Amino acid sequence: MGKPMAVLAVAVLMASLCSPARSDGSDHRYKDGDPVPLYANKVGPFHNPSETYRYFDLPFCIPAHLKEKKEALGEVLNGDRLVSAPYKLDFMKDKESEVICKKKLSKEEVAQFRSAVIKDYYFQMYYDDLPIWGFIGKVDKEGKDPSEYKYFLYKHIHFDIFYNKDRVIEINVRTDPNALVDLTEDKQTQVEFMYTVKWKETNTPFDKRMDKYSQSSSLPHHLEIHWFSIINSCVTVLLLTGFLATILMRVLKNDFVKYAHDEESVEDAEETGWKYIHGDVFRYPRFQSLFAAALGSGTQLFTLTVFIFILALVGVFYPYNRGALFTALVVIYALTSGIAGYTSTSFYCQLEGTNWVRNLLLTGCLFCGPLFLTFCFLNTVAIVYTATAALPFGTIVVIVLIWTLVTSPLLVLGGIAGKNSKAEFQAPCRTTKYPREIPPLPWYRGTIPQMAMAGFLPFSAIYIELYYIFASVWGHRIYTIYSILFIVFIILLIVTAFITVALTYFQLAAEDHEWWWRSFLCGGSTGLFIYAYCLYYYYARSDMSGFMQTSFFFGYMACICYGFFLMLGMVGFRAALLFVRHIYRSIKCE
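Quick notes on the rules
- Residues numbered from 1 in each chain as written.
- Predicted model: local features only at pLDDT ≥ 70, side-chain atom pairs only at ≥ 80, totals over all residues.
- Heavy atoms only, no water.
- UniProt positions renumbered as here; feature names shortened; annotations may be inferred.
- Phe/Tyr/Trp six-rings, centres within 6.5 Å; stacked < 30°, edge-to-face > 60°.
- Helix = DSSP H or I, 4+ residues; strand = E, 2+ residues; numbered from the N terminus.
- Buried < 20%, exposed > 50% of the residue type's maximum accessible area, 1.4 Å probe, protein only.
- Lys NZ or Arg CZ within 6 Å of the ring centre and 35° of its normal.
- Patch = residues over 30% accessible without salt bridge, like charges linked within 9 Å, V, L, I, M, F, W, Y side chains within 5 Å.
- Areas by Shrake-Rupley, 256 points an atom, 1.4 Å probe, with all protein chains shown as cover.
- Salt bridge = Lys/Arg side-chain N within 4 Å of Asp/Glu carboxyl O.
- Axes fitted to C-alpha atoms, helices over the stretch in contact; angles between N-to-C directions.
- Left-handed = near helix turned anticlockwise from the far one by under 90°.
- Contact = heavy atoms within 4.5 Å.
- Core = buried A, V, L, I, M, F, W, Y, C linked by side-chain atoms within 4.5 Å.
- Domains from an automatic or database assignment.
- Expected span 1.5 Å × (residues − 1).
- Pairing = 2+ DSSP bridges.
- Arc of directions from axis to C-beta.

Per an unreviewed UniProt entry, the protein chain goes by Transmembrane 9 superfamily member and derives from Eucalyptus grandis. On record in UniProt, under Sequence similarities (unreviewed entry), the comment for the protein chain is "Belongs to the nonaspanin (TM9SF) (TC 9.A.2) family."

Here it is in C-alpha cells:
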C-alpha cells in the first residue's frame, strides 16, 4: 500500500509543478475585446527583495470590484499576493490616455508616496501570467544638497502588448517621464492616474514567450565568461585534488609495503602510524544518537537536493513558474523524511544504541527545529512590518498539517524499518577493551584548523557560482543555467569527499583515532565558509538595508548553510568510512 501512495504523491507533485499558476483565461486564448486577466502583485524597495508589501498598501486607485486571486502554497511562501489591478487591458483594444481615477492625495498619502520613491519602490504585476515591473516614481537630484532634491510620482503608464493570432506573447511597461506629480512638499495634491495601451503583432510562437526571461540570464557574452570562470576554477580544484590523490596513494602504497615487510620479519618491530591504532579506529564515537541523527538529516537533505536538480534539469523551474521551487522543496522534504528516519535509526542500531525512539525524535528536530525557530522569529518581523513575507494563518496550518500527516508518519515508518533492518556495523578490526591515549599533537592538527583546511578547497570550487545564485535569490536576476550548477555540485561532492579522506588519513597516521566526528565536521565546514561569504556579499556586493531585510537574509542563509553543513558532513563521513574500512582490510590486524 505504501508504494502506490508514494507514486500517487509524486504524480500529484509533478502535476502541481508542471502546471503554472493559471489566470482566468485558462487556455490563454482570447477573442477581440475579451478581458485578459491583469493582477497587481506587490510593491517594495528594489534593493530589498524580501521586503515587499501589497500593491494597495500604497494609496493607488482601488478598482470597484477588488478580487483576490487564490494562490498555491509555493506562491504564498514566495510572498505573492495577487489582486485584480485597476487597469483594463482587453485583448486587441488600444487605449490612449485612459483615466483610471482622479484622486485627491492627503498630506499623509503624499508623504507615503514620497517615502516609497525615496526607497526606490518598484511594482510587480502579472498579465496573462507574464511578469511586468516598473518604478513608481523618481528622484530629481539636480540640487547637490539632499534638501534640494525633488520627488515625483509617475501618473501615466504605457503598456506595449505583442500578440500572435489569439494569444498574448509579450508585454512591456513604460512610465511617461513627462506625466509627473510633485511630492516634494507635504500638501494635498490632485492626481489623475492614466494609462495607454498599444497592441502590436509579432511572429514569436506562444511556447517561446518565456524565452526572453531566460535569455536575460544567459546572454552569449555573459554565458561565455560564466562557463570560462567555472571551467577555470574546476580545473584548478581538480588538479589540486589530483595531486593530493597521487601523493596519498603513493604514501599508502609505501605504508602497505612497510607493514607487509614488518609482518614477514622475525623481529616484530613496534608498530607505528595508522596500523598501531587498529584496535581503536572502529571504537564508536561519543554522542552516538546525535551523530546518527546528523547522518540521517544529511542523507535526507542530499536526496532532496538531487530531486530538485532532476526537476530543474527537466525544465520544471522555468522563469516565473511562480512558487514552483518552494512547492517542490516542501513536498519533497516531506516525502523524503522516511529516508532520514531509516538512515538514522539503522546506523544508531549498528552503533549498538538502545533508545531508538529518542534518536528518531532527535532526527526529526535536528534540521526542522532550528528552521522552525528561525521562521517564527522572521514571520513575527514580517507581521510587524505588515510585509507580504508574513505567512497567512491558513498557510501555516497547511504546513503544520503536512508535517503532522506526512513528514512525521514517514519519519516513524523509516525509523521502524531502520530498527528492523538488523544490519551490523562492518569493522575489519576488533576493537580493544580500553582506548589508547592519543599522543600530544601540534595546534594545526586540532579540529578547528582542520575544518578550516577542509572547507577552503570545496568552497573555492563553488565560489564563482555563489555570486550568480545570490544575485538571483537575493536580487532580481533570473537563474536558469542549472546544467552549470549541477556540474559545480558534482565537483563540490567529489572535492569534499576527497579532502575529508586525505585529512582522515593524516589524522590516523598521527595516531589520533577519534576520526568519526572530525570527518563529519571537516566535510560540513564548507557550510561555514558559505556563511562567511554571506557577510561579504551583504556588505560588499549588495545594496540591501533595513532590519527586516538584514534579518531575513542572515536568518534564512543560516538555515541554508546549516543544511549544507549536515549534507556535506554526511558526504565527508561516508567517504572517510569507506576509506578507513578499505585500508584496514588491506592489512593483517591481530
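Turning to the packing of aromatic side chains, a few remarks are in order. What the rule picks out here adds up to 56 aromatic pairs. Between Phe91 and Tyr163 the ring centres are 6.2 Å apart and the planes differ by 75°, which places this aromatic pair in the edge-to-face class. Of this pair, Phe91 sits in the loop between strand 3 (83-84) and strand 4 (95-105) while Tyr163 sits in strand 9 (residues 156-164); the two residues are 72 residues apart in sequence, bridging distant segments of the chain. Accessibility assignment for this pair places Phe91 and Tyr163 in one class, buried. With centroids separated by 6.2 Å and ring planes inclined at 70°, the aromatic side chains of Phe470 and Phe553 adopt a geometry described as edge-to-face. One end of the pair, Phe470, is in helix 12 (residues 447-473); the other, Phe553, is in helix 16 (residues 547-585), with 83 residues separating them in the sequence. We note that Phe470, like Phe553, is buried. If you follow Arg167 out to its NZ or CZ, it ends over the ring of Phe206, 3.9 Å from the centre.

Another point: a nonpolar patch on the surface. Together, Trp227, Ile231, Val235, Leu239, Phe243, Ile247 and Ile487 make up an exposed nonpolar region whose accessible area comes to about 650 Å². By the secondary structure assignment, Phe243 is in helix 5 (residues 220-264). Look at Phe243 and you get exposed, because its relative accessible area is 54%.

Another point: the packing of helix 13 (residues 482-509) against helix 14 (residues 516-524). Contact geometry for helix 13 and helix 14: axes closest at 9 Å, N-to-C directions at 145°. Judged by the twist between their axes, the crossing of helix 13 over helix 14 is right-handed. Contacts between helix 13 and helix 14 involve Thr496, Thr500, Leu503, Thr504 and Gln507 from the first element and Arg518, Ser519, Cys522 and Gly523 from the second.

Moving on: the side chain of Asn48. Secondary-structure assignment places Asn48 in the loop between strand 1 (38-45) and strand 2 (53-54). Asn48 gets classed as buried once you look at its relative accessible area, which sits at 4%.

Judged by nonpolar contacts, the single largest core of 90 residues is most densely connected at Phe317, Phe347, Phe470, Trp515, Phe553, Phe573 and Tyr584. With 18 residues, helix 16 is the largest single contributor of residues to this core. Viewed by domain, this core spans two of them, domain 2 (219-256 + 437-589) and domain 3 (286-425), each represented by three or more residues. Discounting residues that sit within four places of it in the chain, Phe470 has contacts with Gly475, Tyr533, Cys534, Tyr537, Phe553 and Met557. By size, the runner-up hydrophobic cluster in this structure holds 57 residues, among which are Phe123, Tyr163, Trp199 and Leu378.

Here we come to helix 13. Residues lying three or four places apart along an α-helix face the same way, a consequence of the helix completing one turn every 3.6 residues. For helix 13, which comprises 28 residues, the first-to-last C-alpha distance of 41 Å matches the rise-based estimate of 40 Å (1.5 Å per residue) to within 8%. Taken across its 28 residues, helix 13 has 20 buried, putting it largely inside the fold. At the exit of helix 13 stands Glu511, carrying a positive phi of roughly 65°.

Another aspect to go through is the sheet that holds strand 8 (residues 150-154). One open sheet accounts for 3 strands, arranged 7-8-11; its pairing is antiparallel. Two strands bound the open sheet, and with one partner strand each, they are strand 7 (137-140) and strand 11 (180-182). Sheet twist, expressed as the mean angle between neighbouring strand axes with direction ignored, is 30°. For strand 7 and strand 8, the ladder comprises 4 bridges, and the chain directions are antiparallel. Bridged to Lys138 within strand 8 is Phe152. Running at roughly 100° to strand 8, helix 3 (residues 107-118) makes contact with strand 7 and strand 8 of the sheet.

Let us now look at the environment of Ala116. Within the element layout of this structure, Ala116 appears in helix 3. Note on Ala116: relative accessible area 2%, which makes it buried.

Turning our eyes to something else, we now look at helix 10 (residues 368-384). Taking 1.5 Å of rise per residue, the 17 residues of helix 10 would be expected to cover 24 Å, and the 24 Å separating its terminal C-alpha atoms lies within 8% of that figure. Those residues of helix 10 not exposed but buried are Cys368, Thr374, Leu378, Asn379, Val381 and Ala382. The buried residues of helix 10 occupy an angular sector of 155° when the element is viewed end-on, so they sit on one face. Summarising the geometry of helix 10, the exposed residues directed more than 90 degrees from the buried face are Phe372, Leu373, Ile383 and Val384. Looking at the buried side of helix 10, the elements it contacts are helix 7 (324-335), helix 9 (356-366), helix 11 (393-419) and helix 16.

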